[in-house]
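For reference, the chains in residue letters:
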Amino acid sequence: MPAELLLPSPSVPVSRTAYWSRLLPPLAALACVTRIPSFTRPLWNPDEGYLAVQARLLAQGGELYETVVDRKPPLVPWLYEATFAVTGSGTLAGVRVLAVLAHLLTAALLASLARRRWGDRSGRTAGVLYLLISVGLNPEDAQAATFEAFVLPCTAAAMWCADRRRWGAAGTAVACAFLTKQTGGAVLLPVLWLYVASGARRGGLGRLVAGAVLPVLGAALATDPVGFVFWTVTGSGAYASLTGSELHVLARGSVNTAIVSVACAGLIAPVARARRAPTADLWLWLLASAGAVLLGLHFFGHYYLPLLPPAALLATAALRVLPYDRTVTAVLTSACACVLFLTWGVLAPRTDLDHARRVAQAVSSRTAPGDAVLVWGIHPETYWLADRAPATRYLTAGLLTNYSGGRDGGRVGERYAVRGAWTVFRREAVSAALVVDDSRGKPYGPERVRGLRRLLSAGYEEAGTVDGAVLYVRRG
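A few points on the structure. (Residues numbered from 1 in each chain as written. Predicted model: local features only at pLDDT ≥ 70, side-chain atom pairs only at ≥ 80, totals over all residues. Heavy atoms only, no water.)

Summed over the entire model, instances satisfying the criterion amount to 11 aromatic pairs. A centroid spacing of 5.5 Å and a plane angle of 90° characterise the contact between Phe300 and Tyr303, whose relative ring orientation is edge-to-face. Since its relative accessible area comes to 18%, Phe300 is described here as buried. Note on Tyr303: relative accessible area 11%, which makes it buried. (Phe/Tyr/Trp six-rings, centres within 6.5 Å; stacked < 30°, edge-to-face > 60°. Buried < 20%, exposed > 50% of the residue type's maximum accessible area, 1.4 Å probe, protein only.)

In structure tokens:
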């Protein structure tokens, strides 16, 4: 789509209806094009598999933070569950469509915010730039329908509402961002900045606080208040520690930072110039998002997605005062980077997915539909692909060993498990008709986890291997 069509030269302002009727169709087309790789495989990463298994269990009567657990708030699991009620639980196509809509909504909100501040052309620039850079990560991070994809429209909506002094709605959007993923709550900082800068009365602060607090309280009451607080706030101390994996984690952070820099190559120079513009709230939004990337000290690629909306707006703020050819250059550079990442997404190898499929096929062939299964690994999608229920609420070995943070061996073991997890695991795991040791030499293998060795020696015997995974069936 040529930049000239999307970013025409300045002209007489048009009506709101005419503006959006002209802008939304190309934005929608661009959102669809940039998500083509998303629909080329059944799932992209273990987070999608985890959410799919959670949604199935919830639909079967499971209780979040009790019989179905994760270190995340409830909004996205509920979204998956609702989508599966419409599309069936055997496909992620429905949630992938919702992810496309989430990116489109984010682009539209950014366009609206930029248009209000700087005019029609800036609105078009912001929306297009965001969609072009939104794929600028490893495809398994950028194309997946996971937490960050649904955080983005919430944070953009919070800033959009705050910019219009709609404090109650801004607080509600902040709450939705937090309930999608905890780090989404970082957008509260720039929202508060806008509140103070606006000179609003105290009643506005009350509406902001009520909007931010009441939905969170409602979600806690709708699940299990004690479990909600534990799984979303207090129960992740070992997960958030860098000790023992410093070089491993910092290397990942360096690589993902470099990848995002390539995607934003067309924006770096304009953003550097944006420091001269009155964009303090946008800089605070960017810095708060950067703090969210640092929080937990893991630097996974999808953690970087919330940086992109404020980056697009900061670049737009600078481009509006630069010669028009700089805008065209920024868009074309971003478009070239977008093509590069889309090509990567189409051609990306499917090693983990192929492995999970082979293991899932073996699980399906060796068990009946009603049998419970224990997959000892970090690929919860195996349960979903095999259409078998997990024997335990802990869908990955990470919750029982702390390996889920992508550790390289340090601080991995039973002592670093979620508090109380092994007591529950020992009670639940014995129901498994089949145990799959999918550790494949990782530091959470049976040779290093006494609790798993005891389970296997007490009631199971080896029955073969599949692609490096060892199968154990119940004795007798």
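Alright, that's what it looks like, and here's the rest.
One pass over the structure, following the stated rule, counts 2 cavities of 30 Å³ or more. Considered as a void within the structure, the largest cavity measures approximately 50 Å³ in volume. Lining the largest cavity, in full, are Thr155, Thr183, Gly184, Ala186, Val187, Trp285, Ser289, Ala292 and Pro306. Here the element with the most residues in the lining of the largest cavity is helix H15 (residues 280–294); it accounts for 3 residues. (1 Å grid on protein atoms, 1.4 Å probe; cavity = no way out; pocket = protein on both sides within 12 Å on 5 of 7 lines; lining within 4 Å. Points joined across faces, edges and corners; volume = space filled by probe spheres on them. Helix = DSSP H or I, 4+ residues; strand = E, 2+ residues; numbered from the N terminus.)

Quick look at a positive patch on the surface now. On the surface, a cluster of positive charge is made up of Arg426, Arg450, Arg453 and Arg454. The leading source of residues in the positive patch is helix H22 (residues 450–459), at 3 residues. One can find Arg426 in helix H21 (residues 421–429). Using a relative accessible area of 49% as the deciding quantity, one classes Arg426 as partly exposed. (Patch = residues over 30% accessible without salt bridge, like charges linked within 9 Å, V, L, I, M, F, W, Y side chains within 5 Å. Areas by Shrake-Rupley, 256 points an atom, 1.4 Å probe, with all protein chains shown as cover. Salt bridge = Lys/Arg side-chain N within 4 Å of Asp/Glu carboxyl O. Lys, Arg positive; Asp, Glu negative; His and termini not counted. Charge placed at Lys NZ, Arg CZ, Asp CG, Glu CD.)

We now examine the pairing of strand E4 (residues 460–466). Pairing geometry for E4 and strand E5 (residues 469–474), over 6 bridges, is antiparallel. Opposite Tyr460, over in E5, you have Arg474 as the bridge partner. In sequence, E4 turns back onto E5 through a hairpin of 2 residues, with Asp467 there showing a positive phi of about 55°. (Pairing = 2+ DSSP bridges.)

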